[in-house]
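Listed below are the residues making up each chain.
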Amino acid sequence: KGEVRLNNRIGQLDAIRGVASFTVVLHHLYLVLPLLPTIIKYSPLRVLVNGHAPVIMFFILSGFVLALPYWNGTAGAYRAFVIRRFFRIYIPYIASIFLAVILASFLANGSIPGIDAWQSGISIRLLFEHVLFLYNPDTQAFNNVVWSLVHEMRISLIFPFIVLSIQRISIRKCLLICLLISLPNASRGFFTFHEAFASVAETLHYTSMFIIGALIARNRDRLVSSYLNWSKVRKWSSLLIAFVIYSFSTVINSIFLELGLPNEFVISDYAATMASSVMIIFALGSAKISKLLLTTPLIFLGTISYSLYLYHILVLFSLMYLFYGSMPNTLIYLSTIMISVLLAALSWRFVERPSIALGRRYST
């Protein structure tokens, strides 16, 4: 088995999460400051600016990691699980919202091309929505990326029951369940849903990604063993196909829209899910890929990945409001990356790590 444990975590998967988080940073930079060559959009390098597929990867990795204790027979009580997830997700999240509110109140002045956030003002309603978190906050108001965390937290609260429910169900039946619970979200393109129900439909759809991650975790030994028996040609061709599908997954949604078949990203999400699953198996089974993923820079990215995801958009917005038009866009671009990494490292040290420790303390 190719898993390398780092502080009870699988190093390769942490590195994948770090790379995915960094591509989300590049994605938002590309949307606001499209400085990279146009060829990026039409080559496999599109992976660098595909911001949606990494979120699907996050959901699959969460399902994988959260399910491991249940498959290994080491899962604790539900109360302890919920407390740990609260401190792991919510506390860093609310810290980022606190900073976003401060920055928006001081810096948001006028309109900046490519930025819609920080234009709604600051109201009690918005603040309450973000503190409450689980209902349906206006995620465009302060920090655009937190939409995925709403789903992450909702699914986390019910995830132990999901894992226990699928323990004795075959893979085929589990995958059928995944498709069925994605149908309400797919149908949103044809029917008008109430905003709250639409949000629940999205959560159901993303639950499928968690389930698939859990299935990979349950069958990881068999999957890695099967991979090791493949020929080199099959291995590399499979990885190449997965990489291309992952890179161009959102294009699938665009094609369906052109054909008049709106599907709310369900088809493209499953394409990204399939590709992500292949990449995870390669990360666990390939010695060469594992060695690459376990390099110090990628492990560092994995360590700060959550904070990098939370804070990069705040750095980008702040620099744009402060310096757009007076500083070269290239300098804003590079400064966003450097400051985001630094801020994420500080957040890991002073917010995430203490919060994780508190979660462990209060869950015992």
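Refer to the structure printed above.
Structural notes, computed from the coordinates. Values in this document were obtained by computation on a predicted structure and should not be read as measured data.

## Some details on the overall build of the protein chain
Item 1. Scanning the protein chain from N- to C-terminus turns up 14 helices and 2 strands.
Item 2. Relative to its length of 364 residues, the protein chain is compact, with a C-alpha radius of gyration of 20 Å against a globular reference of 21 Å.
Item 3. Projected onto its principal axes, the C-alpha coordinates of the protein chain cover approximately 60 × 50 × 50 Å.
Item 4. Going through the 364 residues of the protein chain one by one, you find that 51% of them count as buried.

## Some remarks on the packing of helix H2 (residues 52-72) against helix H7 (residues 195-218)
Item 1. Between H2 and H7, the shortest axis-to-axis distance is 6 Å and the interhelical angle comes to 50 degrees. Comparing their axes, H7 and H2 come out oblique. In this structure, the crossing between H2 and H7 has a hand that is right-handed. Contacts between H2 and H7 pair His 52, Ile 56, Phe 59, Ile 60, Ser 62, Gly 63, Phe 64, Leu 66, Ala 67, Leu 68 and Trp 71 from the former with Tyr 206, Met 209, Phe 210, Gly 213, Ala 214, Ile 216, Ala 217 and Arg 218 from the latter.
Item 2. Residues of the contact of H2 with H7, tallied by class, amount to 14 nonpolar, 4 polar and 1 charged.

## Considerations on the nonpolar core
Burial of nonpolar side chains together is a common tendency in soluble globular proteins.
Item 1. Ranked by internal contacts, the top residues of the largest apolar core, which has 103 residues, are Phe 64, Phe 159 and Ile 280.
Item 2. The dominant element in this core, judged by the number of residues it contributes, is helix H13 (residues 296-323), at 17 residues.
Item 3. Sequence-distant contacts of Phe 159, that is, excluding residues within four places in its chain, are made with Gly 63, Leu 66, Ala 67, Phe 81, Phe 210 and Ala 214.

## Describing the layout of surface pockets
Item 1. There is about 1100 Å³ of room inside the second largest pocket.
Item 2. Every residue lining the second largest pocket is counted, 42 residues in all, and those nearest its centre are His 28, His 52, Gln 140, Asn 144 and Trp 147.
Item 3. Contributing elements (two or more residues each) for the lining of the second largest pocket: helix H1 (11-32), H2, helix H5 (147-166), H7 and H13.
Item 4. Grouping the amino acids of the lining of the second largest pocket by side-chain chemistry returns 18 nonpolar, 15 polar and 9 charged.

## Quick look at unusual backbone geometry
Item 1. Of note, Phe 133 is a non-glycine position whose phi angle comes to about 75 degrees, a positive value.
Item 2. Inspection of the secondary structure assignment puts Phe 133 in the loop between helix H4 (124-132) and H5.
Item 3. Phe 133 sits in the buried class, given a relative accessible area of 1%.

## A few points about the packing of aromatic side chains
Item 1. For the coordinates displayed, the defined rule picks out 18 aromatic pairs.
Item 2. Between Phe 87 and Tyr 362 the ring centres are 5.9 Å apart and the planes differ by 25 degrees, which places this aromatic pair in the stacked class. Of the two residues, Phe 87 sits in helix H3 (residues 78-107) while Tyr 362 sits in helix H14 (residues 329-362), which places them 275 residues apart along the sequence.
Item 3. On the basis of relative accessible area, Phe 87 is assigned to the buried category, the value being 14%.
Item 4. On the basis of an interplanar angle of 65 degrees and a centroid distance of 6.4 Å, the ring pair of Trp 230 and Phe 282 is categorised as edge-to-face. Residue Trp 230 is located in the loop between helix H8 (220-228) and helix H9 (232-247), and its partner Phe 282 is located in helix H11 (residues 266-285); the two are separated by 52 residues in the primary sequence.
Item 5. Taken together, Phe 86, Phe 87, Tyr 90, Tyr 93, Phe 133 and Tyr 362 form an aromatic cluster joined through their ring pairs.
Item 6. Over the aromatic face of Trp 71 sits the side chain of Arg 218, whose NZ or CZ is 5.4 Å from the ring centroid.
Item 7. It is Lys 235 that lies over the ring of Tyr 227; its NZ or CZ is 4.7 Å from the centre.

## Section: the environment of Leu 319
Item 1. Among the secondary structure elements, Leu 319 is positioned in helix H13.
Item 2. Residues Leu 319 and Tyr 333 lie 14 residues apart in sequence; the distance between their C-alpha atoms is 9.1 Å.
Item 3. Leu 319 has contacts with Tyr 324, Ile 332, Ser 335, Thr 336 and Ile 339, leaving out every residue within four places of it along the chain.

## Some thoughts on the pattern of salt bridges
Item 1. Enumeration according to the criterion identifies 4 salt bridges in this entry.
Item 2. Of the charged contacts, one joins Glu 152 and Arg 85 as a salt bridge, the two residues approaching to 3.1 Å between their closest N and O atoms. Of this pair, Glu 152 sits in helix H5 while Arg 85 sits in helix H3, and the two are 67 residues apart along the sequence.
Item 3. On the accessibility criterion, Glu 152 (8% relative accessible area) is buried.
Item 4. Across the salt bridge formed by Arg 88 and Glu 352, the nearest N and O atoms sit 2.6 Å from each other. You can see Arg 88 sitting in helix H3 and its partner Glu 352 sitting in helix H14, a full 264 residues away along the chain.

Each value, and the rule that gives it
Residues numbered from 1 in each chain as written. Predicted model: local features only at pLDDT ≥ 70, side-chain atom pairs only at ≥ 80, totals over all residues. Heavy atoms only, no water. Helix = DSSP H or I, 4+ residues; strand = E, 2+ residues; numbered from the N terminus. Rg over C-alpha atoms; globule rule 2.2 N^0.38 Å. Buried < 20%, exposed > 50% of the residue type's maximum accessible area, 1.4 Å probe, protein only. Axes fitted to C-alpha atoms, helices over the stretch in contact; angles between N-to-C directions. Parallel < 35°, antiparallel > 145°, perpendicular 65-115°, else oblique. Left-handed = near helix turned anticlockwise from the far one by under 90°. Contact = heavy atoms within 4.5 Å. Nonpolar A, V, L, I, M, F, W, Y, C, P; charged D, E, K, R; others polar. Core = buried A, V, L, I, M, F, W, Y, C linked by side-chain atoms within 4.5 Å. 1 Å grid on protein atoms, 1.4 Å probe; cavity = no way out; pocket = protein on both sides within 12 Å on 5 of 7 lines; lining within 4 Å. Points joined across faces, edges and corners; volume = space filled by probe spheres on them. Phe/Tyr/Trp six-rings, centres within 6.5 Å; stacked < 30°, edge-to-face > 60°. Lys NZ or Arg CZ within 6 Å of the ring centre and 35° of its normal. Salt bridge = Lys/Arg side-chain N within 4 Å of Asp/Glu carboxyl O.

Remember that the coordinates give geometry; whether it matters functionally is a separate question.
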